[in-house]
Amino acid sequence: MMFKNVLIAEDHESASISIRKTLTDLGVPTPDFAYYCDEALKRISIANKHNRPYELLVTDLFFEPDDNPQQLPGGEALIAAVRAAQPDLRVLVFSAEHKAGVIEPLFEKLKIDGYVRKARHDAQELRTAIETIFAGKVHYPTHLRQVTARKNAYDFTELDIMIISLLSQGVLQKNIPDHLQQNNMVPSALSSVEKRLKQMRDALKFSKNEQLVVFCRDMGII
């Protein structure tokens, strides 16, 4: 047994073909597809009206704008609208987005059922995700589990976030104490800044501040 009524929301034909092939291999007869989020929501509403609701929505997050104006600009807006129109519809996101700060809220706030990142060898993970969701479970991407585990290895304080934010803005490490003092944040001595940066790098297994900044951006910490 497998899903029988599936909708693909994807504006790139090549990706749509890849998803349809995976679904066909899994025994899904003829999945429907939409190139626009507005069209996808309309199809879902019509299917519900005719008592033939979709069981699974596979959607990208990013849809390139063109001459056809849309009320729903992207996958996140589509998912939010779908949750209002058909709360029990299972949703799998298939996107090139890799930042945990973007992906995690999709699980936490929009209650998606799975996420697969567009990358090399994504066909196998896409298949696994669909099978997992059909079994009533959530498919959490491997790369995100690893990143989240690393994030949980260190409890970022308000001071830590301020220091990293200043670095990300191009402030030299030696000048960070002046900014901390202006914001009444303590300890603000250069030695304290250096110590906290080292604690963060060691806990997260980074050797450079640049790696720490990129990580915090991706995680949505800054």
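The structure this text deals with has already been given above.
Anyway, here's the lowdown on the structure attached to this text. Worth saying up front: this structure is predicted, and the values here are computed from it rather than measured.

## Points about the overall build of the protein
A tally of regular secondary structure across the protein gives 10 helices and 5 strands. Once the C-alpha set of the protein is aligned to its principal axes, its extents read approximately 65 × 35 × 30 Å. Taken over 222 residues, the protein has a buried fraction of 44%. Here the contacts in the protein between residues at least 6 apart in sequence split such that 64% fall between residues at least 24 apart. Accessible surface, the protein: about 12,100 Å² in total, of which carbon and sulfur atoms supply 51%. The distance from the centre of the 28 positive side-chain charges to the centre of the 29 negative ones in the protein is 5 Å.

## Considering the nonpolar core
Judged by nonpolar contacts, the single largest core of 50 residues is most densely connected at Leu-57, Leu-78, Ile-112 and Phe-156. Every residue in contact with Phe-156, bar those within four places of it in the chain, is listed here: Lys-151, Ile-161, Ile-164, Met-200, Leu-204, Phe-215, Cys-216 and Ile-221. If you look at the next biggest cluster of nonpolar residues, it comprises 17 residues, including Val-58, Ala-129, Ile-130 and Ile-133.

## A word on the pairing of strand β1 (residues 6-9)
Of the two faces of β1, the one holding Val-6 and Ile-8 and the one holding Leu-7 and Ala-9 are both buried throughout. Pairing between β1 and strand β3 (residues 56-59): 4 bridges, direction parallel. Looking at the pairing, Val-6 lines up with Leu-56 of β3. As judged from the 3 bridges shared by β1 and strand β2 (residues 32-34), these two strands associate in the parallel manner. From the neighbouring strand, Leu-7 faces β2, where its bridge partner is Asp-32.

## Brief notes about the sheet that holds β2
Across the sheet, 5 strands lie side by side as β2-β1-β3-β4-β5; this open sheet has parallel pairing. Two strands bound the open sheet, and with one partner strand each, they are β2 and β5 (114-117). The mean angle between the axes of side-by-side strands here comes to 20 degrees, regardless of whether they run parallel or antiparallel. Taken strand by strand, helix α1 (residues 13-25) contacts β1, β2, β3 and β4 (90-95), and its axis lies near 160 degrees from that of β1. Across the sheet, helix α2 (residues 37-49) touches β1, β2 and β3, and the angle it forms with β2 is around 140 degrees.

## Looking at the packing of aromatic side chains
For any two aromatic rings, the description comes down to two numbers: the centre-to-centre distance and the angle of the planes. Scanning the model with the defined rule gives 5 aromatic pairs in all. Here the aromatic rings of Phe-3 and Phe-134 are separated by 5.0 Å at their centres, their planes lie at 85 degrees, and the arrangement is edge-to-face. With Phe-3 in the segment before β1 and Phe-134 in helix α5 (residues 122-134), this pair connects stretches of sequence that are 131 residues apart. Since its relative accessible area comes to 2%, Phe-3 is described here as buried.

Rules of the game
- Residues numbered from 1 in each chain as written.
- Predicted model: local features only at pLDDT ≥ 70, side-chain atom pairs only at ≥ 80, totals over all residues.
- Heavy atoms only, no water.
- Helix = DSSP H or I, 4+ residues; strand = E, 2+ residues; numbered from the N terminus.
- Buried < 20%, exposed > 50% of the residue type's maximum accessible area, 1.4 Å probe, protein only.
- Contact = heavy atoms within 4.5 Å.
- Areas by Shrake-Rupley, 256 points an atom, 1.4 Å probe, with all protein chains shown as cover.
- Lys, Arg positive; Asp, Glu negative; His and termini not counted.
- Charge placed at Lys NZ, Arg CZ, Asp CG, Glu CD.
- Core = buried A, V, L, I, M, F, W, Y, C linked by side-chain atoms within 4.5 Å.
- Pairing = 2+ DSSP bridges.
- Axes fitted to C-alpha atoms, helices over the stretch in contact; angles between N-to-C directions.
- Phe/Tyr/Trp six-rings, centres within 6.5 Å; stacked < 30°, edge-to-face > 60°.

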